[in-house]
Amino acid sequence: MTRKSFEGRDVTVSFDPEVCQHSGNCVRGLAAVFDANRKPWIDPDGASVEEVIAQVGRCPSGALRIEPTETE
Ligand code: SF4
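Residues numbered from 1 in each chain as written. Predicted model: local features only at pLDDT ≥ 70, side-chain atom pairs only at ≥ 80, totals over all residues. Heavy atoms only, no water.

If you check the shell around the ligand, you find 13 residues, and the closest are Cys20, Ser23, Cys26, Cys59 and Ser61. At a threshold of 2 Å from the grid points, most atoms of the ligand map onto the largest cavity. Here the residues of the shell around the ligand are counted per class, giving seven nonpolar, six polar and no charged. (Near = heavy atom within 4 Å. 1 Å grid on protein atoms, 1.4 Å probe; cavity = no way out; pocket = protein on both sides within 12 Å on 5 of 7 lines; lining within 4 Å. Sits in = over half its atoms within 2 Å of the grid points. Nonpolar A, V, L, I, M, F, W, Y, C, P; charged D, E, K, R; others polar.)

What follows covers the nonpolar core. Formed by 14 residues in total, the largest nonpolar core has its most connected members in Val13, Phe15, Phe34, Trp41, Ile42 and Leu64. If we skip the residues at most four places from it in the chain, Ile42 touches Phe6, Val13, Phe15, Val33, Phe34 and Leu64. (Core = buried A, V, L, I, M, F, W, Y, C linked by side-chain atoms within 4.5 Å. Buried < 20%, exposed > 50% of the residue type's maximum accessible area, 1.4 Å probe, protein only. Contact = heavy atoms within 4.5 Å.)

Here the focus is the sheet that holds strand S1 (residues 4-7). Here three strands make up an open sheet; going across it, the order is S1-S2-S3 and the pairing antiparallel. Edge positions in the sheet fall to S1 and strand S3 (64-68), since each of these pairs with one other strand and no more. Strand-to-strand twist across the sheet, computed as the mean angle between neighbouring axes with direction ignored, equals 25°. Here S1 runs beside strand S2 (residues 11-15); their pairing, made up of four bridges, is antiparallel. Across the sheet, Glu7 pairs through a bridge with Thr12, a residue of S2. (Pairing = 2+ DSSP bridges. Helix = DSSP H or I, 4+ residues; strand = E, 2+ residues; numbered from the N terminus. Axes fitted to C-alpha atoms, helices over the stretch in contact; angles between N-to-C directions.)

Along the polypeptide, Arg3 turns up in the segment before S1. Among buried Asp, Glu, Lys and Arg side chains, Arg3 stands out as unpaired, with Asp16 the closest opposite charge at 4.6 Å. Within the local environment of Arg3, its side chain forms a polar contact with the backbone oxygen of Gly62, the two atoms lying 3.3 Å apart. One polar contact links the side chain of Arg3 to the main-chain carbonyl oxygen of Ala63, over a distance of 3.1 Å. Not counting the four nearest positions on each side in its chain, Arg3 is found in contact with Ser14, Phe15, Asp16, Gly62, Ala63, Leu64 and Arg65. (Lys, Arg positive; Asp, Glu negative; His and termini not counted. Salt bridge = Lys/Arg side-chain N within 4 Å of Asp/Glu carboxyl O. Polar contact = N/O pair within 3.5 Å; in protein donor to acceptor, adjacent residues only side chain to side chain.)

Shown next, in the form of structure tokens:
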């Protein structure tokens, strides 16, 4: 299990590199959130929640997942 979570204010995006097909959809589609040259490479706060949800939905492999960020 290599899934890693990237927590944002409203949503948390997780990524499993063993599942990723490296299609590049995420980086091409929403570079403000998915930037392979940045650390951490996923910034869930880089775009609107709607945009992040839509882009995660375009991941063909299921490597990306999204869930509401848990608040205390
Ligand atoms: S869209 Fe999904 S499968 Fe494609 S590079 Fe991004 S995480 Fe990997």
